[in-house]
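Descriptive structure summary
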Amino acid sequence: MRIIVTGTYEEMSKKAATLVASQVNLKPNSILGLATGGTPVGMYRELVKMYQEDEVDFSGVKTFNLDEYYPIDKTNDQSYYYYMKDNLFNHVNIDEENINIPNGKAKDIETECYEYDKNIYNSGGIDLQVLGIGTNGHIGFNEPDVTFESGTHKVTLDDETIKANSRFFDSIEEVPKEAISMGMKTIMQSKKIVLLANGEAKAKIIEKMLFGEISPNVPASILQLHPHVIVILDKEAAKYIEDKVN
Ligand SMILES: N[C@@H]1[C@@H](O)[C@H](O)[C@@H](COP(=O)(O)O)O[C@@H]1O
């Protein structure tokens with residue numbers, strides 16, 4: 001695992017964007033796994049800038065997002081579909097047909113999840129998966145007490161997650177209680193993973209994830225076993241580990 005500690009959120013975002021752009025430049029038909037949340041907003045901003053400056057071309061890229069609330073309509077401005085359009089897809093030359101996000105309105109969830117994983121597999125697998133991390137150690141929406149063997153599935157959100165994500169909604173009551181998320185198995189099958197975290201609120205969980213026991217209670221800790229993970233942090237998120245990585 002490579003751990004990169006940067007000085008600021010902007011620096012973290014630039015490093016992450018450069019990594020994604022390099023992946024696409026080296027393999028124009030890359031399969032990217034994408035994340036939402038507050039953390040990667042700066043990375044998407046940088047990628048849009050790079051696209052505008054002709055430094056990266058998304059025309060051959062295929063994307064699979066980690067998760068989507070359930071139930072939610074894609075037109076809802078809190079959906080991850082809306083977020084991705086707003087932060088990245090509306091501003092770069094990605095083909096709409098190559099965008100994949102779990103359907104927050106799927107009637108047959110089991111089929112939706114099965115087809116999602118099958119689609120990833122049939123595309124050749126995810127070349128580079130971008131991840132954020134919840135303060136409870138979740139990745140995607142795989143909450144603590146996770147089953148490491150799971151593929152894409154419906155999850156019930158933890159109270160902590162609902163509370164954390166309520167900052168994006170008008171009230172906590174509006175936060176959906178469920179979601180469709182890539183499973184831990186789906187994520188671990190990605191060829192490369194880049195995990196981003198910034199801010200002091202993530203410092204404790206970053207220490208646990210990197211140096212704690214590998215446990216279903218800290219879903220992200222399984223990444224210690226993945227052969228190709230890059231963790232990019234800002235100074236605050238690296239607060240408890242700086243002496244261990246320098
Ligand atoms: N499902 C998402 C995750 O993919 C994200 O990484 C995490 C952290 O969010 P943030 O970056 O806003 O702290 O929580 C969300 O609920």
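Basis of the calculations
- Residues numbered from 1 in each chain as written.
- Predicted model: local features only at pLDDT ≥ 70, side-chain atom pairs only at ≥ 80, totals over all residues.
- Heavy atoms only, no water.
- Pairing = 2+ DSSP bridges.
- Helix = DSSP H or I, 4+ residues; strand = E, 2+ residues; numbered from the N terminus.
- Axes fitted to C-alpha atoms, helices over the stretch in contact; angles between N-to-C directions.
- Contact = heavy atoms within 4.5 Å.
- Core = buried A, V, L, I, M, F, W, Y, C linked by side-chain atoms within 4.5 Å.
- Buried < 20%, exposed > 50% of the residue type's maximum accessible area, 1.4 Å probe, protein only.
- Phe/Tyr/Trp six-rings, centres within 6.5 Å; stacked < 30°, edge-to-face > 60°.
- UniProt positions renumbered as here; feature names shortened; annotations may be inferred.
- Near = heavy atom within 4 Å.
- Polar contact = N/O pair within 3.5 Å; in protein donor to acceptor, adjacent residues only side chain to side chain.
- Areas by Shrake-Rupley, 256 points an atom, 1.4 Å probe, with all protein chains shown as cover.
- Nonpolar A, V, L, I, M, F, W, Y, C, P; charged D, E, K, R; others polar.

**Topic: the pairing of strand S8 (residues 178-181)**
- Pairing of strand S4 (residues 67-70) with S8 involves 4 bridges; the strand directions are antiparallel. The residue of S8 that forms the bridge with Asp67 is Ser181.
- Bridge count for strand S7 (residues 153-156) against S8 is 4 bridges, and the pairing is antiparallel. Along S8, the bridge assignment pairs His153 with Ser181.

**Overview of the sheet that holds S7**
- The 3 strands are arranged S4-S8-S7 in an open sheet whose pairing can be described as antiparallel. Sheet topology places S4 and S7 at the edges, where each strand pairs with a single neighbour. On average, each strand axis in the sheet is inclined to that of its neighbour by 30°, with strand direction left out of account.
- Sitting on the sheet, helix H4 (residues 109-122) touches S4, S7 and S8, and the angle it makes with S7 is about 120°.

**Let's talk about the nonpolar core**
- Within the largest apolar cluster, 64 residues are counted, with the highest numbers of intra-cluster contacts made by Met43, Leu47, Leu88, Leu195, Ile206, Met209 and Leu223.
- Per element, the largest residue contribution to this core is 7 residues, and it comes from helix H1 (residues 9-26).
- Among residues more than four places away in sequence, those in contact with Leu223 are Met1, Leu131, Ile139, Met188, Ile193, Leu195, Met209 and Val229.

**So, the packing of aromatic side chains**
- Following the criterion strictly, the structure yields 7 aromatic pairs and no others.
- Ring geometry for Tyr44 against Tyr83: centres 6.3 Å apart, planes inclined by 80°, an arrangement best described as edge-to-face. Placement of Tyr44 in helix H2 (residues 41-52) and of Tyr83 in helix H3 (residues 80-87) is noted, with a sequence separation of 39 residues between them.
- Using a relative accessible area of 13% as the deciding quantity, one classes Tyr83 as buried.
- Ring geometry for Phe64 against Tyr116: centres 5.7 Å apart, planes inclined by 85°, an arrangement best described as edge-to-face. Here Tyr116 lies in helix H4 and Phe64 lies in strand S3 (residues 62-65), a separation of 52 residues in the sequence. With respect to class, Phe64 is no different from Tyr116; both count as buried.

**So, the environment of Ile109**
- Tracing the chain through its elements places Ile109 in helix H4.
- When its relative accessible area of 13% is taken as the criterion, Ile109 is described as buried.
- Expressed as a C-alpha distance, the spacing of Ile109 and Asn122, which sit 13 residues apart in the sequence, is 20 Å.
- Not counting the four nearest positions on each side in its chain, Ile109 is found in contact with Tyr70 and Lys154.

**Description of the UniProt feature "domain: Glucosamine/galactosamine-6-phosphate isomerase" (unreviewed entry) in the protein chain**
- When the UniProt feature table is mapped to this numbering, "domain: Glucosamine/galactosamine-6-phosphate isomerase" (unreviewed entry) covers residues 12-224.
- Along residues 12-224 one finds 33% helix and 15% strand; the C-alpha atoms at either end are 21 Å apart.

**Description of the site of the ligand**
- If you check the shell around the ligand, you find 14 residues, and the closest are Gly38, Thr39, Asp67, Arg167 and Lys202.
- In this structure, His138 approaches the ligand through a side-chain N or O atom, which is 3.0 Å from an oxygen atom.
- Expressed as a share of its isolated accessible area of 390 Å², the protein-covered part of the ligand is 94%.
- Here the residues of the shell around the ligand sort into 4 nonpolar, 7 polar and 3 charged.

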